[in-house]
Amino acid sequence: SASPTAADSMASQLEKAGIHATRDGLHLLPPDQMQQSQQLQEECKEFLGKTKQFGEIVADFISVMESRSKVIEAEKLKAIGLGNRVDSEAEVRKRKQLELQAMINEKKAELERMNAQHDSLIRVEAEQKALIEKLTNNEA
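Right, let's walk through the structure included here. (Residues numbered from 1 in each chain as written. Predicted model: local features only at pLDDT ≥ 70, side-chain atom pairs only at ≥ 80, totals over all residues. Heavy atoms only, no water.)

## Focus on the overall build of the chain
In step 1: If you tally the helices and strands in the chain, you get two helices and two strands.
In step 2: Shown N-terminal to C-terminal, the secondary structure of the chain runs as helices and strands in the order α-β-β-α.
In step 3: Computed over C-alpha atoms, the radius of gyration of the chain comes to 56 Å, more than 25% over the 14 Å expected from 2.2 N^0.38 for 140 residues, which places it beyond the range of a compact globule.
In step 4: Here the C-alpha coordinates of the chain stretch approximately 180 × 20 × 15 Å along the principal axes.
In step 5: In the chain, which comprises 140 residues, the share counted as buried stands at 1%.
In step 6: Here the chain has roughly 12900 Å² of accessible surface; of this, 58% comes from carbon and sulfur atoms.
In step 7: When the 20 positive and 24 negative side-chain charges of the chain are each reduced to one mean point, those points stand 5 Å apart. (Helix = DSSP H or I, 4+ residues; strand = E, 2+ residues; numbered from the N terminus. Rg over C-alpha atoms; globule rule 2.2 N^0.38 Å. Buried < 20%, exposed > 50% of the residue type's maximum accessible area, 1.4 Å probe, protein only. Areas by Shrake-Rupley, 256 points an atom, 1.4 Å probe, with all protein chains shown as cover. Lys, Arg positive; Asp, Glu negative; His and termini not counted. Charge placed at Lys NZ, Arg CZ, Asp CG, Glu CD.)

Here you go:
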């Protein structure tokens, strides 16, 4: 077995060669740099975990926004359809109103013709009654 001075001497020779001996083994970095390196590695792992989590949150957000966008687009199309239906309904009502007005005008014209015909028939009847009266009086 080597004496403590021989172990110390071997450790100092290794350090001169850039190799550091610790209870965890031999390392190329000095202990303080080794600790900082391990701390940096842990922080990197933590950062990568947070970055991954952030990416998942963003993906979920995008998914929700896309589905909402589809719902909004569907509602927009429905609203456009209803607007078109309202517009066409106004046109249909206007057309129906014009048809009904035309029918009213036809019926008024027919009523005027029938009234004129009725008046004419009343005159003819009066003339015929007068003629019959005259003929009956002439016979007597």
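## Re the environment of Leu14
In step 1: Structurally, Leu14 can be placed in helix α1 (residues 4–16).
In step 2: The spacing of Leu14 and Leu28 is 14 residues in sequence and 9.8 Å in space, taken between C-alpha atoms.
In step 3: Excluding anything up to four places from it in sequence, Leu14 contacts Ile19 and Leu26. (Contact = heavy atoms within 4.5 Å.)

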